[in-house]
Every structure is written in C-alpha cells, then in structure tokens.
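# Summary of the model geometry
Residues per chain are reported as follows:
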Amino acid sequence: MEKLFLDNDPKFRDIEENIKYIKERMSEAAVKSGRKPEDITLMAVTKTVEPKYINHAIDCGINLIGENRVQEYLLKKPDLKLDGVKAHLIGTLQSNKVKKIVGQVDMIQSVNSFKLAEEIDKCSENLGISKDVLIEVNIGDEDSKTGLDKSQLDELMSQISELSHIKVKGLMAIPPICDTKSEISTFFHNMFNLFIDIKQKKYDNSDVQILSMGMSSDFYEAIIEGATLIRPGTAIFGTRKK
Ligand SMILES: *Cc1c(COP(=O)(O)O)cnc(C)c1O
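## Some words on the site of the ligand
As a matter of local geometry, the ligand sits amid V45, K47, N68, I90, I174, M215, S216, R231, P232, G233, T234 and R240. Between the ligand and K47 there is a distance of 2.7 Å, counted from an oxygen atom to a side-chain nitrogen or oxygen. In the environment of the ligand, an oxygen atom lies 2.5 Å from a nitrogen or oxygen atom belonging to the side chain of T234. Out of a free accessible area of 390 Å², the ligand has 89% covered by protein chains. Of all the cavities here, the one that holds the ligand is the largest pocket. Split into classes, the residues belonging to the shell around the ligand amount to five nonpolar, four polar and three charged.

## As for the environment of S217
Mapped onto the secondary structure, S217 falls in the loop between β8 (206–212) and α9 (219–224). On a C-alpha basis, the gap between S217 and P232 in space is 7.9 Å, while along the polypeptide they are 15 residues apart.

## A short note on the nonpolar core
Residues I108 and I135 are the most contacted members of the largest nonpolar core, which totals 69 residues. Once residues lying within four places of it in the same chain are set aside, the contact partners of I108 are L89, L93, I101, V102, I120, K131, D132, V133 and L134. Membership of the second largest hydrophobic core comes to nine residues, among which are L64, I90, L134 and L229.

## Side note on helix α8 (residues 181–201)
An ideal rise of 1.5 Å per residue puts 30 Å on 21 residues; α8 measures up with 31 Å between its terminal C-alpha atoms. Buried within α8 are the following residues: I184, S185, F187, F188, M191, L194, F195 and I198. Buried residues belonging to α8 abut β6 (131–137), α7 (153–160), β7 (166–173), β8 and α9. Following α8 by one or two positions, K202 adopts a phi angle in the positive range, close to 45 degrees.

Conventions used here
- Think of each chain on its own: its residues are numbered from 1, step by step along the sequence as written.
- Note on the predicted model: pLDDT of at least 70 is required for a residue's local features to be given, and 80 or more for side-chain atom pairs to be given and counted; whole-chain, interface and lining totals, by contrast, use all residues.
- With hydrogens and water stripped out, all remaining heavy atoms of the structure feed into the side-chain values.
- What makes a residue near a molecule or strand is one non-hydrogen atom of that residue sitting within 4 Å of it.
- Identification of polar contacts relies on pairs of N or O atoms within 3.5 Å, with a donor-acceptor requirement for protein atoms, meaning one able to donate a hydrogen and the other able to accept it, and with residues adjacent in sequence counted only if both atoms are side-chain atoms.
- Each accessible area is a Shrake-Rupley result for a 1.4 Å probe, and residues are judged covered by the shown protein chains and nothing else.
- Put plainly, a pocket is an open set of points on a 1 Å grid over the protein atoms alone with protein on both sides within 12 Å along at least five of seven lines, a cavity is a set where a 1.4 Å probe fits but cannot get out, and a lining residue has an atom within 4 Å of a point.
- Think of it this way: if more than half of a molecule's atoms are within 2 Å of a pocket's grid points, that molecule is in the pocket or cavity.
- Charged means Asp, Glu, Lys or Arg here, nonpolar means Ala, Val, Leu, Ile, Met, Phe, Trp, Tyr, Cys or Pro, and polar covers whatever is left, Gly included.
- A run of DSSP states H or I qualifies as a helix once it reaches four residues; a run of E qualifies as a strand once it reaches two. Both are numbered from the N-terminal end.
- Buried Ala, Val, Leu, Ile, Met, Phe, Trp, Tyr and Cys residues that are joined via side-chain atoms within 4.5 Å together make up what is termed a nonpolar core.
- Residue exposure (1.4 Å probe, protein chains only): buried if accessible area is under 20% of the type maximum, exposed if over 50%, otherwise partly exposed.
- The contact rule is simple, with two residues in contact once any of their heavy atoms fall within 4.5 Å.
- Expected span of a helix: the number of residues minus one, times 1.5 Å.

What follows is the structure, encoded as structure tokens:
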C-alpha cells in the first residue's frame, strides 16, 4: 500500500530529475573550471525535508546530506537510511548543543569562533574521536551573518592548531544576496583566494581540501570559481515549507 502511494507522489520523480540535472550542470562547470566532475562533491541540503524524500534522494545516488538544526536532525535521523551516507551540520551551532551533535555527524561546517572550536575539541576528546570541521567565513562582511570575519581567520587557525581533537578540512561561506552573477562570482573568487592562502600555510591540525560554497541558485558560478563542495537544497527538493 505504502509503496503504491509513494510511487504516485510526483515529488519522487521531481527529486530524481533534479538530481540528474544538477549533476549535469556540475560536470559542465567542473570541466569548464579545468577539473574533473568527480572533483566536486554534491551535498543535498535536507533542512525541513521529510525523511521519505531524503531517503529517496539517497536512493537516487545522494551520499552526503546537510542539516541546519541539531534538534531537527536528531529527530529525523532514526528514519533515515544513512548506510554509506555522510551527514554534515551546516547551520549555526551554539556551544551548549555541541555535546548532542558531535558524535552524530561526520563534519561540522559552521565553526565560527575559538569558543565553539574548543567545545567541539573537548566533546570529541570525551568520545575518543577527532572531528572534521570547516571554518565558516563571513565573506560579504555582513552584520547579519554568523561566519567569522575574514581578518580573524589566521588567528583562529593558529588557535585551533593547539587543539588535538579537531581538524580543519577547509572553509565554508554563504555570500550575500546579489543582483548579478558577476557580483556573486566576486565573493566566490575572494573565498577561493582565502582558501588557497590558508591551504598553503599548512597550520597544524589542518588538512585544507574543501571549499564549501554554492547553493541552488549559484552552484554553477561557485564551481567555476573553485568550490569543491556545493550545497543545493531547493533545487533538489523544491521550495521549503516555512
Ligand atoms: C538552506 C541552506 C542551503 C541551501 O539553500 P538553497 O537555496 O535551498 O539551495 C545551503 N547552505 C546553507 C548553510 C543553508 O542554510
């Protein structure tokens, strides 16, 4: 009965077609930027999406999901078919929620302060693990954004180099809303320059490989400018319910 119902839900076919389309566009952009399609990782952002649709995306080949809220993810997790699938936290994380999430995700992309990094390090040590993280940078210098000020990136990297249960794998950014593609490309380009700079400095406890940028409306431009991981949500699952 349930299977019949699922097969009749048009959203299932949409998700499948959306993923196919995004993968084609990703390959195009990868080649255009002088890389191979497999050099770019596709994350499906699953915030507010019901487990049955997330599981369908996984059946369609998605092997990395991104969730924003600790509580929402922990509620949905028992219903997800996560065999062979990785999950990252991409939303703002408060220090007091670190304990709940650190053992439940493969990476935390939203580290924006030393206080948060210290808490992740402490909770990881208690679990006997080391946690991979990205530093979220406020590339547009917006007051409203939660990322780290780019002028503080080197200081944070050297502070984190003293911690032993956390590893910086790269950078993440959410650029400002822009009117033109060329404006957004400039922010992506600035992120790429920061990424190369931080990579070359080879701080202890870092292995900088990942540049996470590009969402539904701008992942093509992000890849052109050097993104290694893109984070579309709406383009896969359709418009989110509020
Ligand atoms: C919601 C969200 C996305 C996906 O946004 P879309 O516009 O739906 O593609 C990507 N990254 C982060 C950090 C998000 O919060």
